[in-house]
Amino acid sequence: MHHDTTTLARYVPDLTKDKVHVWLTKYHYTSNIILGVVLYAIGGLPWLLWGVFARVVVGLHSTWMVNSVTHVWGSRRFATKDLSTNNFLVAVLTFGEGWHNNHHAHPVSARHGLTWYEIDTNWYCIWALKKLGLARHVYKVELDHLPPKPPLVRDVQAAAVLAAAAGHD
Ligand SMILES: [Zn+2]
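Once a new chain begins, its residue numbering starts again from 1 and follows that chain's sequence as written. Per-residue local features of the predicted model are confined to residues with pLDDT of at least 70, and side-chain atom pairs are confined, for both listing and counting, to 80 or more; whole-chain, interface and lining totals are unaffected and use all residues.

## Concerning unusual backbone geometry
Phi is positive for Phe95, close to 65°, though the residue is something other than glycine. With respect to the secondary-structure elements, Phe95 resides in the loop between helix H5 (88–93) and helix H6 (100–105). Working definition of burial: number of other C-beta atoms within 10 Å of the residue's own, with buried at 20 or more, exposed at 12 or fewer, and partly exposed in between, all C-beta atoms being placed from the backbone. Classification of Phe95 by C-beta neighbours within 10 Å gives partly exposed; the count is 17. Of note in the backbone geometry, His137 takes a positive phi value of approximately 55° without being a glycine. Numbering of helices and strands starts at the N terminus; helices are DSSP runs of H or I of at least 4 residues and strands are runs of E of at least 2. For His137, the position within the fold is in the loop between helix H7 (121–131) and helix H8 (156–166). Looking at His137, the number of C-beta atoms within 10 Å reads 7, which means it is exposed.

## Notes on the nonpolar core
We call a set of buried Ala, Val, Leu, Ile, Met, Phe, Trp, Tyr and Cys residues a nonpolar core when their C-beta atoms link them within 7 Å. The biggest cluster of nonpolar side chains holds six residues, and these are Met65, Val66, Val69, Val90, Ala91 and Trp99. For this core, the secondary-structure elements that each account for two or more residues are helix H4 (45–68) and H5. Here, residue contact means that the backbone-derived C-beta atoms of the two residues sit within 7 Å. Not counting residues up to four positions away in its chain, the partners in contact with Met65 are Thr70, Val90 and Leu93. If you look at the next biggest cluster of nonpolar residues, it comprises five residues, including Phe78, Ala105, Ala159 and Ala163.

## A short note on the packing of helix H3 (residues 30–43) against H4
In this analysis, axes come from line fits to C-alpha atoms, helices being fitted only over the stretch in contact, and the angle between any two N-to-C directions falls in the range 0 to 180 degrees. At their nearest, the axes of H3 and H4 sit 7 Å apart, and the two run at 150° to each other. Looking at the two axes, H3 sits roughly antiparallel to H4. Side by side, H3 and H4 meet where Asn32, Leu35, Gly36, Leu39, Tyr40, Ile42 and Gly43 of the first sit next to Pro46, Trp47, Leu48, Gly51, Val52 and Val56 of the second. The nonpolar class holds Ala, Val, Leu, Ile, Met, Phe, Trp, Tyr, Cys and Pro. Asp, Glu, Lys and Arg form the charged class, and all remaining residues, Gly among them, are polar. Residues of the contact of H3 with H4, tallied by class, amount to nine nonpolar, four polar and no charged. Oblique is the label for any angle not under 35 degrees, not over 145, and not in the 65 to 115 range, which are roughly parallel, roughly antiparallel and roughly perpendicular in turn.

## Considerations on the environment of Gly43
Along the chain, the position of Gly43 falls in helix H3. Sequence separation between Gly43 and His137 is 94 residues, and the spatial gap between their C-alpha atoms is 43 Å.

So, in structure tokens, the structure goes:
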């Protein structure tokens, strides 16, 4: 959606009322330009290449691994009707987004890592913001117990059948 604040208003109406977030959405590239100028002034081309270009490439590939790798490799905790998986490596690279099967099963939960060993840095930051009073109305899925892991499937139709049986359709 890039800088399309009209479309964003449908999904995050509260953020479209926040002038700082609207400005960041419209002019998201300015921070990289300013940082690039500063890094080039301090350390020359190597600092610019590592601090802006390499960082952006790693960030983009890590982000897209959530939509590719975690639909192919990993384990499944919930029998969702898709092929989403939880992947430790992607979770570490994306600060917790790699617990993607958890996210598909509970899409509105701010917390994706559901156990102590599912490292979820994003959740730790949200939790800290909440404790500081800077984040409110944070939804976190509460489970009495983690369900037994369903069989690993490689077929969307089989996944849909298992999801329906588990009540995740
Ligand atoms: Zn997905």
